[in-house]
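# Working through the structure, step by step
Next come the chains, spelled out residue by residue.
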Amino acid sequence: MMDFLTNDLLQLSDSAIRFATPLLLACLAGLYSERAGIFDIGLEGKMLVAAFAAGAFSALAGMSVDDGGWNMGGAAVWVGLLAAIIASIIMAMIHAFASITLRGNQLISGVAINFFAAGITVLIGQYWFKMGGQTPQLHEGQRFEPIILPFAKSLQDVPVLGPVYHDLISGHNIIVYLSFVIVALTWLILYRTRFGLRMRAVGENPGAVDTAGISVVKLRYSALIITGILCGLAGAYLSLGTAAAGFGKDMTSGRGFIALAALIFAKWKPIPAMWATLLFGMLEAVGSKYQTLDLGFMVLPGQFMQALPYILTVVILAGFVGKAIPPKAGGEPYVKER
Amino acid sequence: MKLLKTLIATTALVGAATFANAQANPALIFDLGGKFDKSFNEMSYTGAERFREETGIEYREFELQSDAQREQALRRFAQAGNNPVVVAGFSNATAMATVAPDFPDTSFVIIDMVVDAPNVRSVVFAEQEGSYLVGVLAAMASKSGTISFVGGMDIPLISAFECGYAQGAKATNPDITVLATMTGTDGSAWNNPVKGGELTMSQIESGSDVVFAAAGGTGRGVLQAATDAGIFAIGVDANQNYMHPGNMLTSMVKRVDEAVFNAFNDVNNGEFTAGIQVMGLAEDGVGWALDEHNEALITDEMRAAVEAARVAIIAGDILVHDYRTDNTCPVE
């Protein structure tokens, strides 16, 4: 039992953090958008575009000039990250333009973004790299390397806390740490700043915000820019921060939708969003580690274990965890005068 | 209206011309992992490209995006007069069984699965034999006494890889532990390098120091995770040794390219035969890859052992159990 606690649980939690990071970033991205009153089911598409941009630009920046690259060495990974954020913001702005300025249907715009992303990434990828939509394998300097926190090695032998610090907390890449910082930042912005207050208000009652003389349009656009940045980070994590080491067709594989489910589960609040995505990450980690789980009286088959995150999603969305009330003005385009 | 008539006339003419000039008008369908998966599908592409270079005959191709397209793609190519129509991937068996009888004059080839029809050639590989060899190498290279396997989709075909690998390893070192994980249960399992990497890390944490990936595009993440952790990895289908020199112990090569090339060529020469074609070690259909990227990792002792196993399997002295025959594996 002790062995299970120290070993397996640590490994599982470690794995859960890695699985949860892109979910958490996407979930927070959705939080900004939906709290400002814009439904965003295009998280998946934005992440995918970002993952592609990250993989493609990091590869280009790291390639030697002879191969058609820019030979930027260790800076390549940052070029990739920047490209991911820019690409994702562009997609977010398309969504914003369609749903805020043109007052179009936000769900349709989101779906369109998902389809557009699935197609355009492979198309450009094939045109640039001739590898069937993949980007070249990334090497050192083109990927985020794990960060070993100070004293991790020397404290390893301290009972309980040592392994936790060494195995669980240390050794992730920068985006993982950043995502947890962003949780705290989001809480601060949402509940302790004027911008946060206005953003929450604009998602509940845009008319009131407008009456107070604050631009609804501007607020919503700002919120969607933040959504773009966060989806960019999530996408960059997938292609630059995992063993995929590059972009592959449809590599987000539904994470954007799981993130949306987590957002509803978390009732559109940042700290619960962190716990919700960690829970999803944990389920995925358990499903990966134990392909079949022997409970003693029965054996759960692998299919069940792998379906766990999705089963949980259905359970959550069916409303078993209490009433989740979305921002009141969500999905409604704001029209100044009726 | 006139334009339409001209258009129809031209199309008819072009169609007739293709039939008259070339005997083969081949078409190739790639499975879900994608054409450039650096593995299974890319091998069939290589075979088709070789045919094009040698004969100058162009071929048509289609990359499946979803399960729903399987039958449609086969039917389209057959209707368009393509011959042979080659499809790589076990999942196409049902579609092939439906479509093939409707086009009795078209030659069909399916790789990795058996379809019983008078105009279908089914090419199956003895993956367990090649996997046995890399299992021998893995057991000899492992210092920790634990090796592992990451499969793509959880199907008997992939279990045959796993089972052959385990048999080879256990025959070399009876005390060795073989961990095995499958990526998933649907088509996306061939294309999920993020998860592949995660599975590998989990196996490494459990002590594995050699990992064998039989997972299509997912393998990319497996090989990268192994390289990041500084352990050995074994590639699959294509020779993947070049991907991470120094960490790639070897690759279990499966000559899908030969199967595709032969299919195209046989129809072109009027020598097409239907029925089951087994490609094992004896036919050089499977094997292990040795090149400049991994020769430093393979000791003389390892080379001798794997060569002895190869000869013994061909001679029938070692019988490698095929998981697909009874869906069980004799070793755990």
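Conventions we followed
- Residues numbered from 1 in each chain as written.
- Chains lettered and ligands numbered in written order.
- Predicted model: local features only at pLDDT ≥ 70, side-chain atom pairs only at ≥ 80, totals over all residues.
- Helix = DSSP H or I, 4+ residues; strand = E, 2+ residues; numbered from the N terminus.
- Rg over C-alpha atoms; globule rule 2.2 N^0.38 Å.
- Buried ≥ 20, exposed ≤ 12 C-beta atoms within 10 Å, placed from the backbone.
- Contact = placed C-beta atoms within 7 Å.
- Pairing = 2+ DSSP bridges.
- Axes fitted to C-alpha atoms, helices over the stretch in contact; angles between N-to-C directions.
- Domains from an automatic or database assignment.
- Nonpolar A, V, L, I, M, F, W, Y, C, P; charged D, E, K, R; others polar.
- Parallel < 35°, antiparallel > 145°, perpendicular 65-115°, else oblique.
- Left-handed = near helix turned anticlockwise from the far one by under 90°.
- Core = buried A, V, L, I, M, F, W, Y, C linked by C-beta atoms within 7 Å.
- Expected span 1.5 Å × (residues − 1).
- pLDDT = per-residue confidence, 0-100.

## Details of the overall build of chain B
Within chain B, the secondary structure is distributed over 11 helices and 12 strands. Against the globule reference of 20 Å for 332 residues, chain B gives a C-alpha radius of gyration of 21 Å, in line with a compact fold. Counting across all 332 residues of chain B, residues that qualify as buried make up 57%. Intrachain contacts of chain B at a sequence separation of at least 6 include 68% that bridge at least 24 residues.

## Some words on the overall build of chain A
Of regular secondary structure, chain A possesses 12 helices and two strands. Reading the secondary structure of chain A in the N-to-C direction produces α-α-α-α-α-α-α-α-α-α-α-β-β-α. Since a compact globule built from 338 residues should have a radius of gyration of about 20 Å, the 21 Å found for chain A is in line with a globular shape. Across the 338 residues that make up chain A, the buried fraction comes to 49%. For chain A, long-range pairs separated by at least 24 residues make up 76% of all intrachain contacts whose partners lie at least 6 apart in sequence.

## Side note on the sheet that holds strand 9 (residues 232-237) of chain B
Residue and element names in this part refer to chain B. Sheet architecture is open: six strands sit in the order 7-6-8-9-10-12, paired in mixed fashion. Either end of the sheet is taken by a strand with one partner, and the two such strands are strand 7 (177-184) and strand 12 (286-288). Averaged over all neighbouring strand pairs, the angle between strand axes comes to 15 degrees, with direction disregarded. Strand direction decides the pairing type here: strand 9 and strand 10 (residues 248-254), joined by five bridges, are parallel. Looking at the pairing, Gly235 lines up with Ser251 of strand 10.

## So, the domain arrangement of chain B
Residue and element names in this part refer to chain B. Domain annotation for chain B reports domain 1 (2-126 + 257-279) and domain 2 (129-253 + 286-326). A separation of 30 Å is found between the C-alpha centroids of domain 1 and domain 2. Listed per partner, the contact involves 15 residues of domain 1 and 15 residues of domain 2. The leading source of residues in the side of domain 1 that touches domain 2 is helix 2 (residues 40-55), at three residues. For the side of domain 1 that touches domain 2, a count of residues per class yields seven nonpolar, three polar and five charged.

## Description of the packing of helix 2 (residues 43-62) of chain A against helix 4 (residues 106-129) of chain A
Residue and element names in this part refer to chain A. Put simply, helix 2 and helix 4 touch, their axes get as near as 7 Å, and they point 15 degrees apart. For the element pair helix 2 / helix 4, the angle class is roughly parallel. Here the hand of the crossing between helix 2 and helix 4 comes out left-handed. Counting all contacts with helix 2, which are made through Glu44, Gly45, Lys46, Leu48, Val49, Phe52 and Ala56, the residues of helix 4 involved are Ile113, Asn114, Phe116, Ala117, Ala118, Thr121, Gly125 and Trp128. When its residues are assigned to classes, the contact of helix 2 with helix 4 shows nine nonpolar, four polar and two charged.

## A few points about the interface of chain A and chain B
Accessible area lost during the coming together of the parts is what is often quoted as the interface size. Each side of the interface is counted separately: chain A has 25 residues, and chain B has 29 residues. Listed by contribution, the elements that provide at least two residues to the side of chain A that touches chain B are helix 1 (2-35), helix 11 (270-289) and helix 12 (302-317) of chain A. Among the elements that line the side of chain A that touches chain B, the one with the most residues is helix 1 of chain A, at four residues.

## Focus: unusual backbone geometry
The peptide bond linking Asn83 of chain B to Pro84 of chain B adopts the cis configuration, its omega dihedral lying at 0 degrees. Among the secondary structure elements, Pro84 of chain B is positioned in the loop between helix 3 (69-79) and strand 3 (85-88). We note that Trp268 of chain A has phi near 60 degrees; this positive angle belongs to a residue other than glycine. When you line up the elements, Trp268 of chain A lands in the loop between helix 10 (255-265) and helix 11.

## What about the environment of Val202 of chain A?
All names here are of chain A. Relative to the assigned elements, Val202 resides in helix 7 (residues 194-204). Counting along the chain gives 35 residues from Val202 to Tyr237, while the straight-line C-alpha distance between them is 31 Å. Once you skip the residues sitting within four places of it in the chain, Val202 turns out to touch Ala36, Gly37, Val209, Val216, Leu219 and Arg220.

## A look at the environment of Phe247 of chain A
Relative to the helices and strands, Phe247 of chain A is located in the loop between helix 9 (216-240) and helix 10. Here the alpha-carbon distance between Phe247 of chain A and Val122 of chain A, two residues 125 residues apart in the chain, equals 9.6 Å.

## Examining the nonpolar core
Residues Ala50 and Ala262 of chain A together with Ala213 of chain B are the most contacted members of the largest nonpolar core, which totals 194 residues. Residues from two domains meet in this core; each of domain 1 (2-126 + 257-279) and domain 2 (129-253 + 286-326) of chain B gives at least three. In this structure, Ala262 of chain A is in contact with Leu23, Cys27, Ala273, Ala276, Thr277 and Phe280 of chain A, ignoring residues within four places of it in sequence.

## Thoughts on the sheet that holds strand 2 (residues 60-63) of chain B
All names here are of chain B. Across the sheet, which stays open at both edges, the six strands sit in the order 2-1-3-4-5-11 with parallel pairing between neighbours. Edge positions in the open sheet fall to strand 2 and strand 11 (275-279), since each of these has one partner strand only. Neighbouring strand axes in the sheet, compared pairwise and without regard to direction, differ in orientation by 15 degrees on average. Examined bridge by bridge, strand 1 (residues 27-30) and strand 3 share three bridges and lie parallel to one another. Looking across to strand 3, one finds that Leu28 is bridged to Val86. Each of strand 1 and strand 3 touches helix 2; the most contacted strand, strand 1, lies at about 165 degrees to it.

## Concerning the environment of Ala97 of chain B
All names here are of chain B. Structurally, Ala97 is set in helix 4 (residues 93-99). A residue is classified by how many C-beta atoms lie within 10 Å of it, and Ala97, with 17 of them, is partly exposed. Separated by 26 residues in the primary sequence, Ala97 and Glu71 have C-alpha atoms spaced 9.4 Å apart. Once residues lying within four places of it in the same chain are set aside, the contact partners of Ala97 are Val115 and Ala117.

## Describing helix 4 of chain A
Residue pairs spaced three or four apart in an α-helix point in one direction, given the helix's 3.6 residues per turn. Residues and elements named next belong to chain A. End to end, helix 4 covers 34 Å across 24 residues, agreeing with the expected 34 Å (1.5 Å per residue, within 8%). Looking at helix 4, one finds that the buried residues are Gln106, Ser109, Gly110, Ile113, Asn114, Ala117, Thr121, Val122, Gly125 and Phe129. Elements in contact with the buried residues of helix 4: helix 2 and helix 3 (76-101).

## Focus: the confidence of the model for chain B
Residues and elements named next belong to chain B. For chain B, the mean per-residue pLDDT works out to 89, and 93% of the residues sit at or above 70. Between residues 10-22, whose pLDDT stays under 50, and residues either more than four places distant or in other chains, the model counts four contacts. Both scores are available for the predicted complex, with the pTM at 0.86 and the ipTM at 0.84.

## What to know about the packing of helix 3 of chain A against helix 9 of chain A
Residue and element names in this part refer to chain A. At a minimum axis distance of 7 Å, the contact between helix 3 and helix 9 shows a crossing angle of 140 degrees. Our classification of the angle between helix 3 and helix 9 gives oblique. The way helix 3 lies across helix 9 gives a crossing that is right-handed. For the contact of helix 3 with helix 9, a count of residues per class yields 19 nonpolar, seven polar and one charged.

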